[in-house]
Amino acid sequence: MPTSRRYHASSPFQRPAEVPEEVYEVDARVSHDTWGLARIVSLQGTRSAQVDFGDQVRHVPLPCRALVTL
């Protein structure tokens, strides 16, 4: 039976921050930490997105910490 860990306020090992899942849409403007500004061309379910960075189109696996919607 899995149990949740208890975290104390003074502990140096705090619980990991919960990151909300981003919802991506076709034609949405996004920014990637490495490749810069882009537009989502298509989505392959919730697994990956085809993203147009202007000079190249790349498949980006989702979720991706480096990809942020604008």
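Structure first, text after, so check above.
Summary of the structure given here. Values in this document were obtained by computation on a predicted structure and should not be read as measured data. (Residues numbered from 1 in each chain as written. Predicted model: local features only at pLDDT ≥ 70, side-chain atom pairs only at ≥ 80, totals over all residues. Heavy atoms only, no water.)

Here we look at the nonpolar core
Membership of the largest hydrophobic core comes to 13 residues, with the highest contact counts inside it found for Val30, Ile40, Val51 and Leu67. When residues of this core are traced back to their parent elements, those giving at least two are β2 (36–44) and β3 (48–52). (Core = buried A, V, L, I, M, F, W, Y, C linked by side-chain atoms within 4.5 Å. Buried < 20%, exposed > 50% of the residue type's maximum accessible area, 1.4 Å probe, protein only. Helix = DSSP H or I, 4+ residues; strand = E, 2+ residues; numbered from the N terminus.)

Things to note about the pairing of strand β1 (residues 29–32)
Side-chain alternation along β1 places Val30 and His32 on a buried face and Arg29 and Ser31 on a face that remains uncovered. Both β1 and β2 contribute to a ladder of four bridges, which runs antiparallel. Across the sheet, the residue bridging to histidine 32 is glycine 36, located in β2. Here β1 hands over to β2 after three residues, the two strands then running antiparallel side by side. Of the pairings in the sheet, the one linking β1 to strand β5 (residues 67–69) comprises three bridges and is antiparallel in character. Its bridge partner lying in β5, valine 30 is registered against threonine 69. (Pairing = 2+ DSSP bridges.)

Let's talk about the side chain of histidine 32
Tracing the chain through its elements places histidine 32 in strand β1. The class of histidine 32 is buried, set by a relative accessible area of 8%. Beyond its immediate sequence surroundings of up to four residues, histidine 32 is in contact with Phe53, Cys64, Ala66 and Leu67. (Contact = heavy atoms within 4.5 Å.)

Brief notes about the environment of valine 23
Mapped onto the fold, valine 23 is located in the segment before β1. Relative accessible area serves as the criterion here: at 66%, valine 23 is assigned to the exposed category. Between the alpha carbons of valine 23 and valine 68 there is a distance of 10.0 Å; along the sequence they are 45 residues apart.

As for the sheet that holds β2
Here five strands make up an open sheet; going across it, the order is β4-β3-β2-β1-β5 and the pairing antiparallel. Among the strands making up the open sheet, the edge pair consists of β4 (57–61) and β5. Adjacent strand axes in the sheet meet at a mean angle of 40°, parallel and antiparallel pairs treated alike. Here β3 runs beside β4; their pairing, made up of five bridges, is antiparallel. Bridge pairing in β4 places serine 48 opposite proline 61. (Axes fitted to C-alpha atoms, helices over the stretch in contact; angles between N-to-C directions.)

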